[in-house]
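Structure assessment
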Amino acid sequence: MRIAALSLMLCLAGMSQAAQMPIAAMPGGNLVFKQVQSIRERRFTDIVEQKTDFSCGAAALATVLRQAYWLDVDEDQIIKGMLQNADQDLVRTQGFSMLDMKRYVESIGMRARGYRIPAQSLESVNIPVVVLLDIRGYKHFVVLQRTQKDWVYIGDPVLGHKRYSHEDFLKGWNGIVFAVIGPGYDKTNALLTPPAPLTAKNQLDSFSPVKDAELMDFGFIQSDFF
């Protein structure tokens, strides 16, 4: 039993892409196929992962344009577009700026603007926006997906889906949100409903043991229970 369980864990851990996993079903031992997703894939669902040290702004912007506006753009395209009007030496040392992102968005016929908003108004931001965080002295662009109760949900181009407490988020945030405005906005886009964090507590909260009556439906008898 332990060997079978270990084999299953190794198989799941080795998956780099979503796949179908055969699972023995009761009764009769027939196989059913269930769609499975690696932890890494789930972490980056709907988020563009940055590929270079200086491209967090491009990846964050690509995430918003792809998910909220269904534009077929990727990180590489946005980098090339922003470099046309950016100071390339400055980009190599400091990365892209919100001004670089604004110029790119306007070059594709949309509007973009940075807004300074008070901390107490975060919950009123009901579209995904790009924000700049200072993480241990490192300036990093991420997507603010939504704010709810005590949590701020973030799409991070390096770490994937994350959530911060209001207090922790405000420590690193500069108070500005970068909003993209244009036609074709999807009001039900996936960024507004980020997945729940993968934590042991969440898994325990959702655990529901099989009831005795359900076991008896599969042919077990009372004396089998322990």
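For the structure, check the block above.
Presented here is an overview of the structure given in this document. These numbers were taken from a predicted model, which means no experiment stands behind them. (Residues numbered from 1 in each chain as written. Predicted model: local features only at pLDDT ≥ 70, side-chain atom pairs only at ≥ 80, totals over all residues. Heavy atoms only, no water.)

1. Focus on the layout of surface pockets
Test applied: A pocket, in this scheme, is an open set of points on a 1 Å grid over the protein atoms alone with protein on both sides within 12 Å along at least 5 of 7 lines, while a cavity is a set where a 1.4 Å probe fits but cannot get out; residues line either one if an atom lies within 4 Å of a point. Grid points are joined across faces, edges and corners, and a volume is the space filled by probe spheres set on the points. The helix and strand labels rest on DSSP assignments: H or I over at least four residues marks a helix, E over at least two residues marks a strand, and numbering proceeds from the N terminus. Three residue categories are used. Nonpolar comprises Ala, Val, Leu, Ile, Met, Phe, Trp, Tyr, Cys and Pro, charged comprises Asp, Glu, Lys and Arg, and polar comprises the others, including Gly.
Approximately 430 Å³ is the volume found for the largest pocket. Lining the largest pocket are 21 residues, with Gln 94, Gly 95, Phe 96, Ser 97 and Phe 141 positioned closest to its centre. Among the elements of the structure, α5 (88–94), α6 (98–107) and β5 (138–148) are those that each provide at least two residues to the lining of the largest pocket. Looking at the lining of the largest pocket, its residues break down into 10 nonpolar, six polar and five charged.

2. Remarks on the packing of helix α4 (residues 75–83) against α6
Rules: Each axis is a line fitted through C-alpha atoms, taken for helices only over the stretch in contact, and angles between the N-to-C directions span 0 to 180 degrees. Should an angle lie under 35 degrees it is considered roughly parallel, over 145 roughly antiparallel, and from 65 to 115 roughly perpendicular; all remaining angles are considered oblique. Every residue pair with non-hydrogen atoms within 4.5 Å of one another is taken to be in contact.
The contact between α4 and α6 brings their axes to 9 Å, and the two run at 100 degrees. Relative to α6, α4 is oriented roughly perpendicular. Across from Gln 77, Ile 78, Gly 81 and Met 82 in α4, the residues of α6 making contact are Asp 100, Met 101 and Tyr 104. Residues that form the contact of α4 with α6 fall into these classes: four nonpolar, two polar and one charged.

3. What about the sheet that holds strand β4 (residues 129–135)?
Defined as follows: Two strands qualify as a pair provided DSSP detects at least 2 bridges between them.
Spatially, β3-β8-β4-β5-β6-β7 is the arrangement adopted by the six strands of the open sheet, whose pairing is antiparallel. Both edges of this open sheet fall to β3 (111–116) and β7 (160–165), since each of them pairs with a single strand only. Ignoring which end each strand starts from, the neighbouring axes of this sheet average 35 degrees apart. Across six bridges, the pairing between strand β6 (residues 151–156) and β7 is antiparallel. Looking at β7, one finds that Ile 154 is bridged to Lys 162. Across the face of the sheet, α6 comes into contact with β3, β4, β5 and β8 (173–181) while running at roughly 5 degrees to β8.

4. Here's the deal with the environment of Gly 114
Mapped onto the elements of the fold, Gly 114 is located in strand β3. It is 5.5 Å that separates the C-alpha atoms of Gly 114 and Val 177, two residues lying 63 residues apart in sequence. Excluding residues within four positions of it along the chain, Gly 114 makes contact with Ile 176, Val 177 and Phe 178.

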